[in-house]
Amino acid sequence: MRRQVSLIATATAAGFLMSLFAVSVWAAEITEEKAKAIALENAGVNAESVTFIRAEQDWDDGRNIYEVEFLTKSQEEYDYELLAENGDILAIDYEKKATTVTSDKNGTELTMKQAEELALKHAGQDLDTVTMLKQKREIEDGRLVYEVEFYTSDYRKYEYEIDGRSGDILAWDYDADSDFARNDAMHRAGNTKSETTAAKQKSSRKEPAKEGEISREEVKALALKTADLKEDQVTWGRLYKEYDDGRLIYKGEFFHNQMEYEFEIDVASGAVLDWDVESVYD
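Asker: What is the right way to read the packing of aromatic side chains from this model?
Answerer: Two aromatic rings, taken as a pair, are described by how far apart their centres are and by the angle between their planes. Scanning all chains against the criterion turns up 17 aromatic pairs. Their ring planes at 65 degrees and their centres at 6.1 Å tell us that Y261 and W275 sit as a pair that is edge-to-face. Of this pair, Y261 sits in strand β11 (residues 259–266) while W275 sits in strand β12 (residues 272–279); the two residues are 14 residues apart in sequence, bridging distant segments of the chain. Judged by relative accessible area, W275 falls into the partly exposed class, the value being 27%. What links up through ring pairs into an aromatic cluster is the set F70, Y78, Y80, Y94, F150, Y158, Y160, W172 and Y174. We note R238 situated over the ring of Y240; from NZ or CZ to the ring centre the distance is 4.1 Å.

Following this line, the structure appears as structure tokens:
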């Protein structure tokens, strides 16, 4: 009888310790308010200048993350992805919603080199420490825009859209760990391996889909079917959810034979809403 009581007491104590451990693990994760504060501080924006802010937890490549989105009074939209475990910033999207198109046709235009310098300065990088992927000049909605894309030696990827006359940064994206950057670096070094070990591990992880939503794996399958490609033929870039005109969509990208595929897919129906393919060197 005494032995039985002892065993029960030991089991109870072990269960209690396990419950304390579980509580301590969850307690280590940042809160929703902390996630918002980290995003605002990184953007250099105070709470008083924000007209809308939203944060929600999601599951991404086997990790618990926070998606933080906010809009400033000057119509600048920021989207952050933070690791819930410690608040590390995984990705940033920025877009200047309200801009004025310069109508002076004879005004001074930036050179591509000047646009590159602006992008590098904003990213805190030097030209001799990055690999350039894209340097493109085009007209968008009557405005001259430079697109500059590059990655660092530790595979952080940056994309910029810069006004060709004013030098304003219209949009920029940041990816803390880009599979495409790794793949491109290997390709430039003469390695023909199409996927890194990390990319394979990421592609094998499953994410539970919420009720009424398609899963990440289903989104990938739809995108590959649209491109008429198979999983082992591509390298995946970013794949994330965001609200667009009140509708929740998946935005994503993947790469095949130096071509970049970008898409938008409705989370509820699986309909392909937008599709774009271009060379990574355009």
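There is more to say, and it comes next.
Asker: I would appreciate a short explanation of the side chain of E264 in the present structure.
Answerer: Within the secondary structure, E264 sits in strand β11. Given a relative accessible area of 18%, E264 falls into the buried group.

Asker: Whenever I open this one, the pattern of salt bridges confuses me. Can you help?
Answerer: Side-chain pairs of opposite charge can arise where the charged atoms are in close proximity. Throughout the structure, instances matching the rule amount to 27 salt bridges. A salt bridge links K97 to E95, with the shortest nitrogen-to-oxygen separation between them at 3.5 Å. Among the residues examined, K97 registers a relative accessible area of 41% and is labelled partly exposed. Because the salt bridges share partners, they merge into one network encompassing K134, K136, E138, E147, E149, K157, E159, E253 and E278.

Asker: For this particular structure, what's the right way to read helix α4 (residues 179–188)?
Answerer: Residues separated by three or four positions in an α-helix point in the same direction, a consequence of the helix having 3.6 residues per turn. Within α4, the full set of buried residues consists of D179, F180, A181, N183, D184 and M186. The distance from a side-chain oxygen at the start of α4 to the backbone nitrogen of F180 is 3.3 Å, and the residue carrying that oxygen is S178.

Asker: What is the right way to look at helix α2 (residues 32–43) in this model?
Answerer: When the terminal C-alpha atoms of α2 are compared, their 17 Å separation across twelve residues agrees well with the 16 Å that a helix rising 1.5 Å per residue should span. Buried within α2 are the following residues: A35, K36, I38, A39, L40 and A43. Buried residues along α2 sit against β1 (50–60), β2 (63–72), β3 (76–83) and β4 (89–96). Looking one or two residues past α2, G44 carries a phi angle of roughly 70 degrees, positive in sign.

Asker: How should I be thinking about the nonpolar core in this particular structure?
Answerer: Residues V68, F70, Y80, L82, F150 and Y160 are the most contacted members of the largest nonpolar core, which totals 36 residues. Among the elements that line this core, the one with the most residues is α2, at five residues. When sequence neighbours within four positions are dropped, the list of residues in contact with F70 reads A39, L40, A43, V45, V50, F52, I53, E76, E77, Y78 and Y80. If you look at the next biggest cluster of nonpolar residues, it comprises 16 residues, including A223, A227, W236 and Y261.

Asker: For this particular structure, what's the right way to read the sheet that holds β11?
Answerer: To summarise the sheet geometry, strands pair through backbone hydrogen bonds and adopt either a parallel or an antiparallel arrangement. Spatially, the four strands line up as an open sheet ordered β9-β10-β11-β12, and their pairing is antiparallel. Where the open sheet ends on each side, the last strands, each with one partner, are β9 (235–244) and β12. For this sheet the average axis-to-axis angle between neighbouring strands, irrespective of direction, equals 15 degrees. Pairing of strand β10 (residues 247–256) with β11 involves eight bridges; the strand directions are antiparallel. Paired with E253 across the two strands is E262, which belongs to β11. The sheet contacts of α4 involve β9 and β10, and relative to β9 the element is tilted by about 155 degrees.

Asker: Got a minute to help me understand the pairing of β9 in this structure?
Answerer: Side-chain direction in a regular strand flips from residue to residue, so the side chains alternate between the two faces of the sheet. Most of β9 sits inside the fold, with seven of its ten residues counted as buried. Across eight bridges, β9 lies against β10 in antiparallel orientation. Looking at β10, one finds that E242 is bridged to I249. In this structure, the hairpin formed by β9 and β10 is closed by a connection of two residues, where D245 is found at a positive phi of approximately 55 degrees.

What counts and how
- Just so you know, the residues in each chain are numbered from 1, in the order the chain's sequence is written.
- Totals for whole chains, interfaces and linings use all residues, but because this is a predicted model, local features are given only for residues with pLDDT of at least 70 and pairs of side-chain atoms are given and counted only at 80 or more.
- Calculation of side-chain values draws on the structure's entire complement of heavy atoms; hydrogens and water are dropped beforehand.
- Paired rings are identified among Phe, Tyr and Trp, the last through its six-membered ring, by centres lying within 6.5 Å, and are further divided according to the angle between planes into stacked (under 30 degrees), edge-to-face (over 60) and tilted (the rest).
- Put simply, DSSP marks the helices as runs of H or I at least four residues long and the strands as runs of E at least two long, and each gets a number from the N terminus on.
- Any residue under 20% of the maximum accessible area for its type is buried, any over 50% is exposed, and the rest in between are partly exposed; the area is computed with a 1.4 Å probe on protein chains only.
- In this scheme, the term charge over a ring applies when either NZ of a lysine or CZ of an arginine sits within 6 Å of the ring centre and within 35 degrees of the ring normal.
- Salt bridges are counted wherever a side-chain nitrogen of Lys or Arg sits within 4 Å of a carboxyl oxygen of Asp or Glu.
- Distance and chemistry together define a polar contact, namely a pair of N or O atoms within 3.5 Å, with one atom able to donate a hydrogen and the other to accept it when in protein, and with adjacent residues in sequence counting only for side-chain atoms on both sides.
- To estimate the expected span of a helix, subtract one from its residue number and multiply by 1.5 Å.
- When checking whether two residues touch, look at their non-hydrogen atoms; a contact exists if any pair is within 4.5 Å.
- Definition used in this section: a nonpolar core is a set of buried Ala, Val, Leu, Ile, Met, Phe, Trp, Tyr and Cys residues joined via side-chain atoms within 4.5 Å.
- Pairing between strands requires that DSSP locate at least two bridges from one strand to the other.
- As a rule, the C-alpha atoms of each element are fitted with a line to give its axis, helices using only the stretch in contact, and angles between N-to-C directions run from 0 to 180 degrees.

These results come straight from atomic positions and should not be treated as a statement about function.
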